[in-house]
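Structural characterization, general
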Amino acid sequence: MTPPYDKWMQYLTPGPAHRGLGLVCLGVGRQEGRLPTVGPRTLQHHVAVLVTAGRGWFSQGDGPVVDVVAPAVIWLLPGVRHHYAPDEAGWDEWFVDFTGPAATAYQDLGFVDAGNPVTPLTTAEPAAHAIGRIAQACRRGGPYLEVETSAIVHEVLVALRRSRADEDPYGDPVLAGLARDACLPVPVAEHARRLGMPLTELRRAVRRLAGCSPKDYVLSIRLNRAKDLLATTDLPVAAVARRVGYDDPAYFTRLFTRRAGLPPSEFRTQQYRGLPTIS
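This structure is a prediction, so every number in the text was calculated from the model and none was measured.

Cut-offs and rules
Residues numbered from 1 in each chain as written. Predicted model: local features only at pLDDT ≥ 70, side-chain atom pairs only at ≥ 80, totals over all residues. Heavy atoms only, no water. Helix = DSSP H or I, 4+ residues; strand = E, 2+ residues; numbered from the N terminus. Buried < 20%, exposed > 50% of the residue type's maximum accessible area, 1.4 Å probe, protein only. Contact = heavy atoms within 4.5 Å. Areas by Shrake-Rupley, 256 points an atom, 1.4 Å probe, with all protein chains shown as cover. Lys, Arg positive; Asp, Glu negative; His and termini not counted. Salt bridge = Lys/Arg side-chain N within 4 Å of Asp/Glu carboxyl O. Polar contact = N/O pair within 3.5 Å; in protein donor to acceptor, adjacent residues only side chain to side chain. pLDDT = per-residue confidence, 0-100.

**Observations regarding the overall build of the protein chain**
When its secondary structure is counted, the protein chain shows eleven helices and eight strands. Across its three principal axes, the protein chain shows a C-alpha extent of roughly 75 × 50 × 40 Å. Taking all 279 residues of the protein chain together, 43% fall into the buried category. Long-range pairs, those at least 24 residues apart, make up 70% of the contacts in the protein chain between residues at least 6 apart in sequence. Entry remark: accessible area of the protein chain is about 14600 Å², with carbon and sulfur atoms responsible for 54%.

**Remarks on the side chain of Arg-268**
Among the structural elements, Arg-268 can be located in helix 11 (residues 264–271). For the buried Arg-268, no salt bridge exists, and the shortest N-O distance to an oppositely charged side chain is 6.3 Å, to Asp-234. Engagement of the side chain of Arg-268 in a polar contact is seen with the backbone oxygen of Leu-235, the distance being 2.7 Å. Arg-268 has contacts with Leu-229, Leu-230, Thr-233, Asp-234, Leu-235, Pro-236 and Val-240, leaving out every residue within four places of it along the chain.

**Remarks on the confidence of the model for the protein chain**
Here the protein chain shows a mean pLDDT of 92. Residues at 70 or above account for 95%. The least confident element of the protein chain is helix 7 (residues 199–210), whose mean pLDDT is 86; the most confident is strand 6 (residues 72–76), at 98.

**Side note on the pattern of salt bridges**
For the structure on display, the rule yields eleven salt bridges. For Asp-62, the salt bridge is made with Arg-81, and the minimal N-O distance between the two is 3.2 Å. Here Arg-81 lies in the loop between strand 6 and strand 7 (82–99) and Asp-62 lies in the loop between strand 4 (46–60) and strand 5 (66–69), a separation of 19 residues in the sequence. According to the relative accessible area criterion, Arg-81 is partly exposed, its value standing at 36%. Its salt-bridge partner being Glu-190, residue Arg-193 comes within 2.7 Å of it at the nearest N-O pair. Taken together, the residues Arg-193 and Glu-190, both in helix 6 (residues 188–195) and three residues apart, mark about one turn of the helix. For Arg-193, a relative accessible area of 56% translates into the label exposed.

**Considerations on unusual backbone geometry**
The linkage connecting Gly-39 with the following residue, Pro-40, adopts the cis geometry, with an omega of 5°. Mapped onto the fold, Pro-40 is located in strand 3 (residues 38–41).

Shown next as structure tokens:
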């Protein structure tokens, strides 16, 4: 008897050298139709189940049953019991299994949304296209399979983040406002005032969007700008510090050294490209 669904899947077993990449693909698949119920079960790795058409339900641990309506991604987390299925009409899905230290980092940064295991999307197309490329690589095979599929998993996670229904794929105005004023010598509380929001709300927003505190987000922008100035101008370190919001060059040097791993002067020695030639 022919089952009321179509499926294709392939699983990979990356070795220790490939796992050193930090993120590896363990499997990929495409399923369509009245799929059988999954679970209850518990896995030891992450899975992104991308529902591209149809609807169904999902539950996790002892939590309530949640509706799944395409387009959406279901996040299956390691060590967490889950249970899900499409409704009687079935659904279409792509899935990709992945693991490694980078998977934990993506979860900490909010790309894998542990707090919302069923995440609505505005579109499934970019992520489905990326997962389809993993499937093509598996069908093609070859000596670079594990490396190629690992690289594409990164693209899948970024595509899913950009497609979330609760985010603007062209940039959030909170982060844009912080970036605009990042080099002003003002505290985070003043950034919140300029953005017209309470400090606690700013902290929550930046943590959700960027996976860090507003202070760390501003610091990264300042240091990126400082690196540009050190590599492309002959401004003294003290002048670079002022340009990026620090009146105390010694404090700036300590911050730069701690984050970049070398002092500003040494960074310039290594990266300075010289002043542009004017003809």
